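Coordinates in review
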Amino acid sequence: MEMLSAFFMVFTHPQLLMLVGLGTLAGVYVGAIPGLSVTMAVSILISFTFSWDVHPAIALMIGIYMGGVYGGSRTAILLNIPGAPSAIATAMDGYPMAKRGEAGTAIGVTTVMSFFGGFIGIGVLALAAPFVSDFALGFQPRDYMLLAILGILLVGSLSGGSLVKGIFAGAFGIALGAVGMDPLTFTERFTFDLPVMRSGISFIAVMIGMFGVSEALAQLHHVDTVAVKQKISRIVPSFGTIRKHLPLSLQTSTIGVIIGALPGTGGDIAALMAYDHAKRVTRNPEREFGDGAIEGLVAPETANNAAVGGAFIPMMTLGIPGDAVTAIMIGALFIHGLNPGPMLMVDQPDMFWFIVGSLVVANFFMLIFGLTGIKIFTKIVEMPRAVLIPLILLLSIVGAYAVNNSITDVYWMLGFGVLGYFMRYYGYPLGPVILGVILSRLLDDNWRRAIISAKGDFGLFMQGIVTSPLSLVLFIAVIFIFVNQTPLWPMIKRRVFGRGKAAE
Amino acid sequence: MTSTPTASQTASEAPDVAAVAPAAPRPQMKRKPGEAVFALLVALASAGLMWSAYDISGFESLSAPGTVPMVTAFAMFVAAVITAAQTLRLPAMGGSFLREVLPLNVVLMALLLLAYGFALKPLGFLPTSAIFLIAAIKLLAKRSWGFTVLVSLASLIGIYFVFRVVFTVLMPAGIVPEGEMIQFFRNLLSKGQS
Amino acid sequence: MKHLILGAVSALALGVTGAVAQDYPTKEIQGIIQWGAGGSTDTVMRSVTPHAEEALGGTIVMQNVTGGVGAIALNQVANGDADGYTLMMGAENPLLYKVMGLGDKDYNDFTPINILARGTPILVAGPDAPFDDYAGMMQFIADNPGDLRFGSTGPGGLPSVVTAMIESVEGDLDVIFVPYDGDGPALTALQGGAIDVMPAVLGAAVEGIRAGTMKPLAVFDNTASSALPDVPTISSAQPDYESLLPWGPFFGVFVKKGTPDDVVAKLSDAYATGAEAEDFKALMDGRGFTMMNISGDEASDFLTKWQETTAWLMQDAGLTKTSPEEFGIARPGE
């Protein structure tokens, strides 16, 4: 009974309800603007809500979180510039739809599917949190490493034109992620003895440059073409569409919850993995992936919103953050006199049910705000390019600066913008670069931890993989996908050996 | 078109690069202007990176900080060499590098961005951005000065408000006494409240 | 002649800053937080600063400037103006930058406004570890050389200093050091069984200990902690530690050296008042931090002593790049 009253608390207090709504609305816009992140918004709210009670403060933060994860898809669809890292995969199929004037449909599907994924995440949080957190905690360094390798195999899905160029781009991304002082040993890597390189290259700067600036520069080629008129008559997808994608969205939501619940991985990796999964299981998409396949929107959007519920699982059950935002929320709970940790669920189950309730409300608000106000958003793409492009460039600059208050990041961003422009033009896919940067630390750090834990012995390391059920499943998945889905070996054979080129 | 059972995954010739490379027409059967030079530069840079990766910790151990960088740099180098070899075999498409790859608009905009980068710190965010927006929109849209200035300033104020005031991102102030300005407005507001 | 001009110029400069200082603050103050959002430095600074703002009657805008183990933020403040409009909100790390080769500046280039609080290290083990106390752990290491997995973070972090203490007392440890990039992720790994023992700051471990997901071995202090009164101190298990303790990471607010005295005084007063706020004290207590709230010479002395102890500890453990001697850091007790 107490549990129910805590759960419904947010429904029955108009002030809390309003704060969740306000937060969600703000979150959608924060998420949509590249460079403004939910992490940033929530950490500013900590000082802002310092003197408040804990409930309104948390309600506002949850709204922003839910809205922000969803909001990233807006700019991804409309401008091909992901507003947040978790929307990278959304751009792949969302933007081609906008180019055909189907932005309304794309946003509609995205919204409904985010709502769906959000609910799966919340459902798992409410019903199975202790179970999932035990499972997530059991991931050893070698399992994280195998997960990262699984992620790297996505290069095949993200490569588009040429797999070789995709592999290059993916490896380039991993190398970019390694630049700077290695956080584990303080060894300098790829710094070329330059002090600026020591602190590494901001991932967000790379993302904004590669997607935002290079896209803007590429569009300068046809600055005078009239923008595509967007059809926004039919926004809410038909029930048939939703039913058709129900099995897929259940699968991708599951991916989202699990990846979200793992400490150290979040919505960005979840969305990319879900995209890859959709590409693999969808037999006959109405349109090719990368050309506006609905499945290409369903998968990442269900996954990244399901990851929100997932991220709360270790936070609520163990006091361990599932991602950067929940890390800040743990800080906020501390400030408000609660002690997030394994005892929170025991000492204050009310808090848990209040958060679940707020998430549910935030999810509904996200649906409402997502399906209304689309007209204003689509107006953005209908603006004359000659005005839009300079604005995108300025926004990219401010966004890159805002992440770390650093001018160096702005220079990096512009540099990668120009590089991205050439890579784009010569057919090097940019998706794998970002994928590589995201996965670089996960792969590298955990590889080293795993090998060190095995006393530097590769045999012992393999023995560890074979004797742990979880590692074994992941390992088999890696082998299976590598052999079955990425025809790397036959391709190299066909391309290189086939033409009689020396390969030894 | 060769068709293998897995063609839809690798999409070696499938027309689906639009999402990540809208500027690249496909399928690419001819070499674009400058492509060979780019491919060779990329291969050269990868070789340099390979050396730099070896320099981190050499073949010290499997868990050394340089192990993963070495493997990735090697992968980059192999992929870059294969790409370069493939590119060089393609017949050249012809056309001028400047017209195809770097038309005037792109060069101008890149120069504007460069100037922006240099001016941002000494001049400050507000004046630099205002000049940048006005120049860029005037160049591209070729509309009247009134329209250009109005659109530029209105959007700049919007961006400034969101980032500086709401999100307290401290863009370089330069010659504008921003801190004093904002404190002034804050004082006005707090006086109004009490 | 030259002296005269210099004198005139500095007099002028003093005059100008003096005028500014009287009604300080006339504009927003920037607070540069050395670590990322959600970290303990961030949490501490964001909870004390609103109280300090109230006392000061100004606005302090906080931003996180991360990277280079905090050196980026330190250099940014050190390269700015000494006018009291840029605050450095940092932790203990800068005091080790010189010896670790991470930079050529440390808190000697700054004036402390307030050292807010100090953390206490604690040695924790996973719930399934085959020992329950410090002596048991040392016995296990002796019986199973090279088997125990110790969590570590980069050189200069709390775990590396604590490990250096253990090695300076017990001799080299034959254990595996598994590196993590912070004690948060390492404690997660400890609960998941990826590592066996981890030196951490008490506040980060206290909830896990209460819930039984981690096992406390010893508190690294000479007196027991009020948050965990039942956990034995390390010096009760091994008296040789007594001379090295108390030691712990700390949080402080600083301004660039050369900031006018009255500005420093105003800021110090504001933060001293802010640190007295009940909810801030409750927060620090709950997270297992010891309130310090010191400023002026007391703070400077604390910093000097901290740097001497720690730098030489690291030097003796062979973890430094350059000897503390090079920078005129005296060996403690000399």
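Structure report, in brief. (Residues numbered from 1 in each chain as written. Chains lettered and ligands numbered in written order. Predicted model: local features only at pLDDT ≥ 70, side-chain atom pairs only at ≥ 80, totals over all residues. Heavy atoms only, no water.)

**Digging into the overall build of chain A**
- Each helix and strand counted, chain A has 24 helices and two strands in total.
- Against the 2.2 N^0.38 benchmark of 23 Å for 504 residues, chain A shows a C-alpha radius of gyration of 22 Å, consistent with a compact globule.
- Projected onto the principal axes, the alpha-carbon positions of chain A cover approximately 75 × 65 × 50 Å.
- Considering only intrachain contacts with a sequence separation of at least 6, the fraction spanning at least 24 residues in chain A is 78%.
- Between the averaged position of the 29 positive side-chain charges in chain A and that of its 27 negative side-chain charges there is a distance of 11 Å. (Helix = DSSP H or I, 4+ residues; strand = E, 2+ residues; numbered from the N terminus. Rg over C-alpha atoms; globule rule 2.2 N^0.38 Å. Contact = heavy atoms within 4.5 Å. Lys, Arg positive; Asp, Glu negative; His and termini not counted. Charge placed at Lys NZ, Arg CZ, Asp CG, Glu CD.)

**Some remarks on the interface of chain B and chain A**
- Taken together, the contacts link 80 residues of chain B with 84 residues of chain A.
- Across the chain B to chain A interface the summed buried area is about 7300 Å²; carbon plus sulfur atoms make up 74%.
- Remark: the boundary between chain B and chain A carries one salt bridge.
- In this structure, Lys165 of chain A engages Glu35 of chain B in a salt bridge whose closest nitrogen and oxygen atoms are separated by 3.5 Å.
- The interface formed by chain B and chain A holds five residue pairs in polar contact (both at pLDDT 80 or more) in total.
- For the side of chain B that touches chain A, the leading source of residues is helix 3 (residues 67-89) of chain B, giving 13 residues.
- Of the residues that constitute the side of chain B that touches chain A, the class distribution is 54 nonpolar, 20 polar and six charged. (Buried area = accessible area lost by both parts, 1.4 Å probe. Salt bridge = Lys/Arg side-chain N within 4 Å of Asp/Glu carboxyl O. Polar contact = N/O pair within 3.5 Å; in protein donor to acceptor, adjacent residues only side chain to side chain. Nonpolar A, V, L, I, M, F, W, Y, C, P; charged D, E, K, R; others polar.)

**A word on the pairing of strand 9 (residues 215-219) of chain C**
Residue and element names in this part refer to chain C.
- Burial within strand 9 is extensive, with four of its five residues counted as buried.
- Where strand 5 (residues 121-125) lies against strand 9, four bridges are found, and the strand directions are antiparallel. Along strand 9, the bridge assignment pairs Leu123 with Ala218. (Buried < 20%, exposed > 50% of the residue type's maximum accessible area, 1.4 Å probe, protein only. Pairing = 2+ DSSP bridges.)

**Re unusual backbone geometry**
- Residue Pro246 of chain C is reached from Leu245 of chain C by a cis peptide bond, and omega for that bond is 0°.
- Note on placement: Pro246 of chain C falls in the loop between helix 9 (234-237) and strand 10 (250-256).
- Its identity is not glycine, yet Lys455 of chain A carries a phi of approximately 60°, on the positive side.
- Structurally, Lys455 of chain A can be placed in the loop between helix 21 (431-453) and helix 22 (458-467).
- Since its relative accessible area comes to 47%, Lys455 of chain A is described here as partly exposed.
- Non-glycine residue Asn293 of chain C carries a positive phi angle of around 50°.
- Checked against the element boundaries, Asn293 of chain C lands in strand 11 (residues 289-294).

**Concerning the sheet that holds strand 4 (residues 110-119) of chain C**
Residue and element names in this part refer to chain C.
- Taken in spatial order, the six strands make up an open sheet running 2-1-3-10-4-11, and their pairing is mixed. In the strand order of this sheet, the two ends are held by strand 2 (60-64) and strand 11, each with one partner. Pairwise comparison of adjacent strand axes, ignoring direction, gives a mean angle of 20° for this sheet.
- With four bridges joining them, strand 1 (residues 29-33) and strand 3 (residues 86-90) adopt parallel strand pairing. Across the sheet, residue Ile33 finds its bridge partner in strand 3, namely Met89.
- In the packing of helix 11 (residues 278-286) onto the sheet, the strands contacted are strand 4, strand 10 and strand 11, and the crossing angle to strand 11 comes to about 135°.
- With respect to the sheet, helix 12 (residues 296-316) is in contact with strand 4, strand 10 and strand 11, its orientation differing from that of strand 4 by roughly 70°. (Axes fitted to C-alpha atoms, helices over the stretch in contact; angles between N-to-C directions.)

**Overview of the interface of chain C and chain A**
- Each partner contributes to the interface: chain C provides 44 residues, whereas chain A provides 36 residues.
- Both sides of the chain C and chain A interface together cover about 3400 Å² of buried area, and 62% of this is carbon and sulfur.
- Interface area lost by chain C to chain A is led by Arg46, Pro179 and Glu207 of chain C, which between them contribute 17%.
- Counting every contact that joins chain C to chain A gives one salt bridge.
- Between Lys455 of chain A and Asp147 of chain C there is a salt bridge, with its nearest N and O atoms 2.5 Å apart.
- When residues of the side of chain C that touches chain A are traced back to their parent elements, those giving at least two are helix 2 (40-56), strand 2, helix 3 (71-78), strand 7 (176-179), helix 7 (183-191), helix 8 (202-211) and helix 11 of chain C.
- If one sorts the elements of the side of chain C that touches chain A by residue count, helix 2 of chain C sits on top with five residues.
- A breakdown of the residues in the side of chain C that touches chain A according to their chemical character gives 16 nonpolar, 20 polar and eight charged.

**Points about the pattern of salt bridges**
- Within this structure, the stated rule accounts for 23 salt bridges over all chains.
- The closest approach of N and O atoms between Arg164 of chain B and Glu28 of chain C, which form a salt bridge, is 2.5 Å. Taken together, the positions of Arg164 of chain B in helix 7 (residues 145-166) and Glu28 of chain C in the loop between helix 1 (2-22) and strand 1 put the pair across two chains. Considered together, Arg164 of chain B and Glu28 of chain C belong to a single accessibility category, that of buried residues.
- Through salt bridges with shared partners, a single network forms among Asp182, Arg189, Arg441, Asp444, Asp445 and Arg448 of chain A.

**A short note on the environment of Ile201 of chain A**
Residues and elements named next belong to chain A.
- Note that Ile201 resides in the loop between strand 2 (188-189) and helix 10 (203-219).
- Here the alpha-carbon distance between Ile201 and Leu176, two residues 25 residues apart in the chain, equals 7.0 Å.
- In contact with Ile201, other than residues within four places in its own chain, are Leu176, Val179, Val206, Trp412 and Phe416.

**A look at helix 18 (residues 374-382) of chain A**
Residue and element names in this part refer to chain A.
- If you check which residues of helix 18 are buried, you get Ile374, Phe377, Thr378, Val381 and Glu382. Projected onto a plane normal to the axis of helix 18, the buried residues spread over an arc of 155° and lie on a single side.
- Check the buried side of helix 18 and you find it contacts helix 2 (14-32), helix 4 (54-79), helix 6 (103-137) and helix 17 (349-371). (Arc of directions from axis to C-beta.)

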